[in-house]
Amino acid sequence: MEHSALDASVLTLLALIFSIGAVLAYILQRFHLPTFLAFILTGILLGPNALNLVQVHEIQIMAQVGIIFLLFIVGLDLSVDKLRQLRYQAPLAGLLQLAFTTLALTIALHFLAQFPLQLAFLVGSTLALSSTAIVLKSLEDHREIDSDHGRLILGILIIQDLSIIPLMALVPSLTQPFTSDTTTQLAWITFKALIFGAIAVAISLKVVPVFLDRLASTNKKEVFTLALVCIGLGMALLTHQMGLSYEAGAFVAGLALSRSLFCRQVIADSKAFRDVFITLFFVSMGLLFDVRFLLQHGWLVVGATTLLILLKAFCAYAAVRTSRFPHRTALWAGLSLFQVGEFSFVLMGRTLDTISKVPSWQQLLGFWNPIIIDAIIISMFLTPIVLRLIHRLTTPYLKARLKRVKTTAELEEPEAATMAHVIIAGYGPIARNLATALEEQGIPYVVVETNLKTVRKLKARGITCVYGDISRREVLEAAGIEQPTILAITFPDVRTAESSVQLAKQINPRTYCTVRSRYRADIDRLHRIGVDSIIYEEFETSISFIFNIMNHLHYPVLETDRLIARVRQLENNLHRMAVTKEHTVFGRFSLLEGTQIRWLPIGAGSELAGKSLKEAKIRQKTGVNVIALVQGDEKVQVAANPDLVLQPEDVVVGAGNLPQLQALENLLSP
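About the cut-offs
Residues numbered from 1 in each chain as written. Predicted model: local features only at pLDDT ≥ 70, side-chain atom pairs only at ≥ 80, totals over all residues. Heavy atoms only, no water. Helix = DSSP H or I, 4+ residues; strand = E, 2+ residues; numbered from the N terminus. Buried < 20%, exposed > 50% of the residue type's maximum accessible area, 1.4 Å probe, protein only. Contact = heavy atoms within 4.5 Å. Salt bridge = Lys/Arg side-chain N within 4 Å of Asp/Glu carboxyl O.

Student: I'd like a rundown of unusual backbone geometry, residues and numbers included.
Tutor: Peptide bonds are trans in most cases, and residues, glycine excluded, mostly fall at negative phi. Positive phi outside glycine occurs at Arg-324, with the angle close to 70°. Residue placement: Arg-324 occurs in the loop between α15 (298-322) and α16 (327-336). A positive phi is found at Lys-617, a non-glycine position, where the angle reads about 50°. By the secondary structure assignment, Lys-617 is in the loop between α26 (613-616) and α27 (618-622).

Structure follows, in structure tokens:
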């Protein structure tokens, strides 16, 4: 009975958290604010300092798992390739930002809050981190992620994320008075970190790819998902056994997988359970917000928040200017990075757990901790508001500047990079033929495939390919769905096609979606969800039968065309088809009313034998258009060269009405 009561209380607790979080997330989304701020607000409302319905210890374990998954995803998103793309100035600005901010906050904490220098350095370096989630969400919302300041800010945030690992490793040594043993401890921690790094690299290069290859070849999504959980949690346990943090292992595991073919699919497959645990992590952040302390010591919290924001903004500005970036870019960086990040909570929690050996430090931090926590959360809530205000203030300036620099070159044809491209889902026989046609016309395309062997073969041929399930957002985004796009789903799985089309239309409503369907019963439903064109297999097969049989019976092309058009019209009366009446596959031959195409051989005694096409003047004499020439060696010359000499036994392919073709036949006869 007690066990049942405990289960009921846990379920009630989770239901309360997620229901209130969902309502608040909906409200904040209406104001274009990040969703996780709603979960922090949920924690504030339900926490011990407000409604007192939820305690930190009740969700602490699940929140810890959320931290592990959060760092795992951060590692996946970083990737070594992304680090290589950063110019030296961005990492330099990131290192300078950490150094300047840590130094400024260390001095402020030491002299204003009377922190011991060692503790002031640890807390200062913790507060120097900014929120990757908030800043990147704002840049993406305003489409500034690829701007000069957007790329710079991304580089700084990457350096900050990488600094988490050494900071976590140093926390146990820095949360105690400095002695002669401290140097030895630091050296030992560094040695263990290096050993772990070597093991992690070896596993990621040798073991993990083979392991994931075997799993991917089974095409069992649930097995693949469970394996990802094992890799992330297993690496976290390994680092813990080596005396390092769980979070460090999860981060390195993500970084190890970031260069693999499975990266986007890993992110997609881990999304569902990851979001649940990360939600609890942000709720746990809100639980720590002390509303009563804010009401009692509002001036102190406001003063600390203001000082924190000003110091961080100024240090970021100074770091970017020192790296020789323009004033405007530096200003953008300063106003984007003034908040404290979510990982600072992780480091603060680890600091509080290990500081118990020094009672005086514990007492000091016990007083300042609610001030710091409140200041961090307030700075996070202010960030989206400030960034939106900056965007509104700078948008008129950017439009005016763009108007001034516009040149006539912008009026020319768009570059290939902006050209609508095709996303081919699946790579069976249909997709191969489609890809061949697109290649011949120079139309860019991307293949999305779940067969690992196929992906590797395509990549070896230099074809752009994404491994993953087309119905996952991360996979669609990796394929470029946000650009002007045609989505061609060539496999017959209608359920996957439905979810893929709905998601594609949600991300980019202008996406043109064409889907393959085996059965008539699926057509109406596919059109209702937004499919633009449906290739109905049974009907298209019947059209091919009609065309081939009529051709074998020597029916005129025009009559066959009319017959097929009537069949299409009958089908259209029953169901909405992919091709409308005005654009039937063969209906365009109606423009050639009365025109026939014949293959006419050149006789040995013909007066045209030995003359060039130009000299023969076939069109002037007969009215027939020569559309091709088949030479004696069966070499077809389409749009033949006018200087090509006609030889006996060559075949002229001509288009014209019956009298014109008879006149040409007489000319070619002996």
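Read on, since the account is not over.
Student: I'd like a rundown of the environment of Leu-287, residues and numbers included.
Tutor: Here Leu-287 shows up in helix α13 (residues 271-287). A relative accessible area of 2% means that Leu-287 is categorised as buried. What Leu-287 contacts, discounting residues up to four positions off in sequence, is Gly-43, Ile-44, Leu-46, Gly-47, Pro-48, Asn-49, Val-54, Gln-55, Val-56 and Ile-59.

Student: Can you explain the environment of Lys-312? Please cite residues and give values.
Tutor: Among the structural elements, Lys-312 can be located in helix α15. Taking the relative accessible area as the measure of exposure, Lys-312 reaches 0% and is therefore buried. The spatial distance from the C-alpha of Lys-312 to the C-alpha of Ser-130 is 9.1 Å, given a sequence separation of 182 residues. Once residues lying within four places of it in the same chain are set aside, the contact partners of Lys-312 are Thr-101, Leu-127, Ala-128, Leu-129, Ser-130, Leu-337, Phe-338, Gln-339 and Val-340.

Student: Before we move on, can you summarise the pattern of salt bridges with the specific residues and values?
Tutor: Summed over all chains, the structure comprises 5 salt bridges. Among the ionic pairs, Glu-537 bridges to Arg-516, the shortest N-O distance being 2.2 Å. One end of the pair, Glu-537, is in helix α24 (residues 537-552); the other, Arg-516, is in strand β5 (residues 512-517), with 21 residues separating them in the sequence. Look at Arg-516 and you get buried, because its relative accessible area is 17%. Put simply, Glu-498, Asp-522 and Arg-525 are held in one network by salt bridges that share partners.

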